[in-house]
Amino acid sequence: MAIERTFSILKPDATRRNLTGAINAKIEQAGLRIIAQKRVWMTRGQAETFYGVHRERPFFGELVDTMTSGPVVVQVLEGDNAIKKYREVMGATNPEKADAGTIRKDFAVSMGENSVHGSDAPETAAIEIAQWFSGNEIVG
Ligand code: UDP
Ligand code: MG
């Protein structure tokens, strides 16, 4: 299996409810290593750039509002098949459809406040990591 890196966000609904440690525990229990991490409050411009792929979708404005409603924790995770593995640990986008034991099943409030982001492919992981971290902030 290939060692990969993926990009993660603990969203404002998670920081607001003091869940960063509980979510990090699930990440680490899955065998993913948190090799970079910082707490930031996204500007609207940063959130619009980050979710630019969804710009034309009806939920875009609400998504940007939600992502800028409080601080987030941005992370780089590393491990075997990290991109797919983290998507599994996160659970489905709609928490009602998420499997038992996943982050979204256990912690998400709704589709809009679903606690975490994880990259969906190697190309997007690289772009997302580069938006938030410089090389010397990532210590694998
Ligand atoms: N989202 C939403 N309504 C939708 C679809 C998505 O509010 O109908 C939000 C949701 O918070 C999701 C984010 O937009 O996490 C990005 O959507 P995507 O389809 O990329 O889901 P993800 O990759 O986060 O599972
Ligand atoms: Mg996505």
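Quick summary incoming for the structure in this document.

### Some points on the overall build of the protein
- When you go through the protein residue by residue, the secondary structure sums to seven helices and four strands.
- Its helices and strands in sequence order give the protein the pattern β-α-α-β-α-α-β-α-α-β-α, from N to C terminus.
- Here the C-alpha atoms of the protein give a radius of gyration of 14 Å, agreeing with the 14 Å that 2.2 N^0.38 yields for 140 residues.
- Each of the three principal axes of the protein carries a C-alpha extent, and together these read 40 × 35 × 25 Å.
- Within the protein, buried positions represent 46% of all 140 residues.
- Contacts spanning at least 24 positions in sequence make up 76% of the contacts within the protein whose residues lie at least 6 apart.
- Within the structure as shown, the protein displays about 7,300 Å² of accessible surface, and the carbon and sulfur contribution to it stands at 50%.
- In the protein, 17 side chains carry a positive charge and 18 a negative one; their mean positions are 3 Å apart.

### A look at the site of ligand 1
- Close to ligand 1 lie Lys-11, Tyr-51, His-54, Phe-59, Leu-63, Arg-87, Thr-93, Arg-104, Met-111, Gly-112 and Asn-114, which account for all nearby residues.
- The contact in question runs from an oxygen atom of ligand 1 to an N or O atom on the side chain of His-54, over 2.9 Å.
- Between Asn-114 and ligand 1, the recorded distance is 2.9 Å, taken from a side-chain N or O atom to an oxygen atom.
- A total of 500 Å² of accessible area belongs to ligand 1 in isolation, and the protein chains cover 79% of it.
- Classifying every residue of the shell around ligand 1 gives four nonpolar, four polar and three charged.

### So, the sheet that holds strand S3 (residues 72–80)
- The sheet built from four strands is open, its strands ordered S2-S3-S1-S4 with antiparallel pairing. Pairing within the sheet leaves two strands with one partner each, and these edge strands are strand S2 (33–40) and strand S4 (116–118). Sheet twist, expressed as the mean angle between neighbouring strand axes with direction ignored, is 20°.

### Digging into the packing of aromatic side chains
- Scanning the model with the defined rule gives two aromatic pairs in all.
- Arranged with centres 5.6 Å apart and planes meeting at 55°, the rings of Phe-7 and Phe-50 form a pair that is tilted. With Phe-7 in strand S1 (residues 3–10) and Phe-50 in helix H3 (residues 44–50), the pair connects residues that are 43 residues apart, well separated along the chain.
- When the ring of Phe-50 is compared with that of Tyr-51, the centres are 4.9 Å apart and the planes differ by 85°; the resulting orientation is edge-to-face. The residues Phe-50 and Tyr-51 share a single accessibility class, namely buried.

### Let's talk about the environment of Phe-7
- Judged by relative accessible area, Phe-7 falls into the buried class, the value being 0%.
- For the pair Phe-7 and Lys-84, spaced 77 residues apart in sequence, the C-alpha to C-alpha distance is 12 Å.
- Filtering out sequence-adjacent residues up to four positions away, Phe-7 remains in contact with Phe-50, Val-74, Gln-75, His-117, Gly-118, Ser-119, Ala-125, Glu-128, Ile-129, Trp-132 and Phe-133.

### A word on helix H2 (residues 20–29)
- Of the residues making up H2, those classed as buried are Ile-23, Asn-24, Lys-26 and Ile-27. Along H2, the residues classed as buried sweep out an arc of 155° about the axis, all on the same side.
- Backbone geometry just after H2 places Gly-31 at a positive phi near 90°.

### Regarding the side chain of Thr-6
- Residue position: Thr-6 is located in strand S1.
- Residue classification places Thr-6 among the buried residues on the basis of a relative accessible area of 0%.
- For Thr-6, the side chain forms a polar contact with the side chain of Ser-119, separated by 3.5 Å.

Rules used in this analysis
Sequence order as written defines residue numbering, which begins from 1 separately in each chain. Each chain takes a letter, starting from A, and each ligand takes a number, starting from 1, following the order in which they are written. Reporting of local features is limited, given that this is a predicted model, to residues whose pLDDT is at least 70; pairs of side-chain atoms are given and counted only at 80 or more, and all residues count toward the totals for whole chains, interfaces and linings. Heavy atoms throughout the structure, all of them, feed into the side-chain values; hydrogens and water do not. The numbering of helices and of strands both runs from the N terminus, where a helix is a DSSP run of H or I of at least 4 residues and a strand a run of E of at least 2. With C-alpha atoms as the basis for the radius of gyration, the globule rule is written as 2.2 Å multiplied by the number of residues raised to the power 0.38. Burial classes follow relative accessibility: with a 1.4 Å probe on protein chains only, a residue under 20% of its type's maximum area counts as buried, one over 50% as exposed, and anything between as partly exposed. Only heavy atoms enter the contact rule, under which two residues are in contact if any of them lie within 4.5 Å. A 1.4 Å probe and the Shrake-Rupley method give the accessible areas. Residues count as covered only by the protein chains that appear here. Neither His nor the chain ends contribute to the count of charged residues, in which Lys and Arg are positive and Asp and Glu negative. For charged residues, the charge sits on one atom: NZ in Lys, CZ in Arg, CG in Asp, CD in Glu. When we say a residue is near a molecule or strand, we mean one of its heavy atoms is within 4 Å of it. Counted as a polar contact is a pair of N or O atoms within 3.5 Å, where, for protein atoms, one must be capable of donating a hydrogen and the other of accepting one, and residues adjacent in sequence contribute only when both atoms are in side chains. Asp, Glu, Lys and Arg are counted as charged, while Ala, Val, Leu, Ile, Met, Phe, Trp, Tyr, Cys and Pro are counted as nonpolar; the rest, among them Gly, fall into the polar class. Strands are treated as partners if at least two bridges between them are detected by DSSP. With axes taken as lines fitted to C-alpha atoms, and helix axes fitted only over the stretch in contact, angles between N-to-C directions fall between 0 and 180 degrees. Each pair of aromatic rings taken from Phe, Tyr and Trp, with Trp reduced to its six-membered ring, is defined by centres within 6.5 Å and is described as stacked if the planes are under 30 degrees apart, edge-to-face if over 60, and tilted in the remaining cases. The directions considered for the arc are those from the helix axis to the C-beta atoms.

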